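# Commentary on secondary and tertiary structure
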Number of protein chains: 2
Amino acid sequence: MPDTLARMYTRPRSYHHGDLRAALLTRAEETLREKGPAALSLRELARDLGVSHAAPSRHFKDKQALLDALALTGFDRLATALKASQEGLGESFAERLDAMVRAYVGFALGNAVLLDLMYSIKHDPEASEALVAATERWSDLLVELIVEGQRRGELRAGTTESVGVPIFATLHGYANLAATGMLPPDTDERALDDVIAFILRGAAPE
Amino acid sequence: MPDTLARMYTRPRSYHHGDLRAALLTRAEETLREKGPAALSLRELARDLGVSHAAPSRHFKDKQALLDALALTGFDRLATALKASQEGLGESFAERLDAMVRAYVGFALGNAVLLDLMYSIKHDPEASEALVAATERWSDLLVELIVEGQRRGELRAGTTESVGVPIFATLHGYANLAATGMLPPDTDERALDDVIAFILRGAAPE
DNA sequence: AGCCAATGTAGGCGTCGCCAACAATGCTGT
DNA sequence: ACAGCATTGTTGGCGACGCCTACATTGGCT
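The sections below set out a description of the structure shown in this document.

Calculation rules
Residues numbered from 1 in each chain as written. Chains lettered and ligands numbered in written order. Predicted model: local features only at pLDDT ≥ 70, side-chain atom pairs only at ≥ 80, totals over all residues. Heavy atoms only, no water. Phe/Tyr/Trp six-rings, centres within 6.5 Å; stacked < 30°, edge-to-face > 60°. Helix = DSSP H or I, 4+ residues; strand = E, 2+ residues; numbered from the N terminus. Buried < 20%, exposed > 50% of the residue type's maximum accessible area, 1.4 Å probe, protein only. Least-squares fit on C-alpha atoms with pLDDT ≥ 70 in both. Contact = heavy atoms within 4.5 Å. Near = heavy atom within 4 Å. Polar contact = N/O pair within 3.5 Å; in protein donor to acceptor, adjacent residues only side chain to side chain. Nonpolar A, V, L, I, M, F, W, Y, C, P; charged D, E, K, R; others polar.

Now for the packing of aromatic side chains. Residues and elements named next belong to chain A. What the rule picks out here adds up to nine aromatic pairs over all chains. Between Trp 138 and Phe 168, the aromatic rings sit 5.4 Å apart at their centres with planes inclined by 55 degrees, giving tilted as the arrangement. Here the residue Trp 138 occupies a position in helix α7 (residues 125-151), and Phe 168 occupies one in helix α8 (residues 160-179), the gap between them amounting to 30 residues. Judged by relative accessible area, Trp 138 falls into the buried class, the value being 3%. Taking the relative accessible area as the measure of exposure, Phe 168 reaches 12% and is therefore buried.

Right, here's the structure in full:
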């Protein structure tokens, strides 16, 4: 039965696994989601995949490297989700912001631990480079939204930062609270509406 | 020389330490601040304090219990800081909010790792009763601010939640971004002003 | 004075991350 | 076709960690 589980990630093959790196990432994310970050161990990962305890080191120089890679895939998926949320929409800023906020919060709720990992502080200076690039790939979406909103006169004037930071702070803060279950119990759908309306008022032209 | 360090926390005394529990908490927070949460180990703590590796277990049943206690002191200090920020102020909501936001962000910047710990614990299965009480002790301050702001007509109508959640989300989100160093490099003082103004607009009466 | 609960010590268990030495595999150029 | 080599996986070992149990010292209470 544990063998059945292993088969999901490991080709029935011997010696060379085939795609151990991808299997490690997949399994690691499942563990993260199901048992939390503290329960993530390289050795257990290796056991689950039917591979020796040192095999993972061929693909990730240490545990942090695996976490960094995991965060990277998270940013990729987040960017994809946000981009998808903007497709087939009208040009109204309010409409687009609404969609983006919901997509972001949806991602946060569906990937709470992963999101936490993505924003945690301890990335290697080196892996940082790829991470920064990944972050920009999606934050550009927000910037674009803002610039376009300003052009259409639906947003107040000001530098992208002065307008964007409060918006992003609100979005990020709400997603974080919702994902960690820190909001008053009943407040769920309704609260998100309130937050979106709040952002629109805060960012409205003078 | 390591002895000198130990003396800071340990009475030169033998066998019974005197106040090992408090010394553990103090030293643990320093370690957290200086070397991050991953570097915090019960055994090293014990070594630093010149005590055997099992001694801490007399005061904290396991590592998580120590982290919980640490979070608890964090909430206490946060509540104190927020309360202090409201003293000697006028009654204007704008003024009081400004002070509270700055106090919160100040705490977040000065206690980044601890704050992270505080919020990661709550989400845990059964947050201890004391912990829940501690969070309420300070969130009541925010609630009070909101209710009073509404009474004075400086805040829009609505349930405390519908008004408070967006405000707190913004505050929490900005503090979090600032503390994890995720804001554009130059944006520091100015950005906080923008955020406060943003909150006031978002929460203003219709 | 004597006893007991609280506090600290000593040692051991299983797991972890990381390292070094060795083995199997498959790609490459000739 | 095949020899050589880089890639990938294995084995075993090291030190550190969290937690457990059994034992030692202490100070306060009766």
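Our focus in this paragraph is the relation of the copies chain A and chain B. Between the two copies, chain A and chain B, the superposition gives an RMSD of 0.2 Å; the rotation angle is 179 degrees and the shift along the axis is 0.2 Å. The transformation just described matches what one would write down for a two-fold rotation axis. The share of interface residues of chain A whose copies in chain B are also at the interface is 97%, consistent with both copies meeting through the same surface.

Surrounding DNA strand D, one finds 24 residues, the nearest of these being Ser52(A), His53(A), Arg58(A), His59(A) and Arg43(B). Restricting the count to atoms of DNA strand D within 4 Å of the protein gives a sugar and phosphate share of 49%. Within the backbone of Lys63(B), one N or O atom sits 2.9 Å away from a phosphate oxygen of DNA strand D. Residue contributions to the surface near DNA strand D peak at three residues, all from helix α3 (residues 42-48) of chain B. When its residues are assigned to classes, the surface near DNA strand D shows nine nonpolar, eight polar and seven charged.

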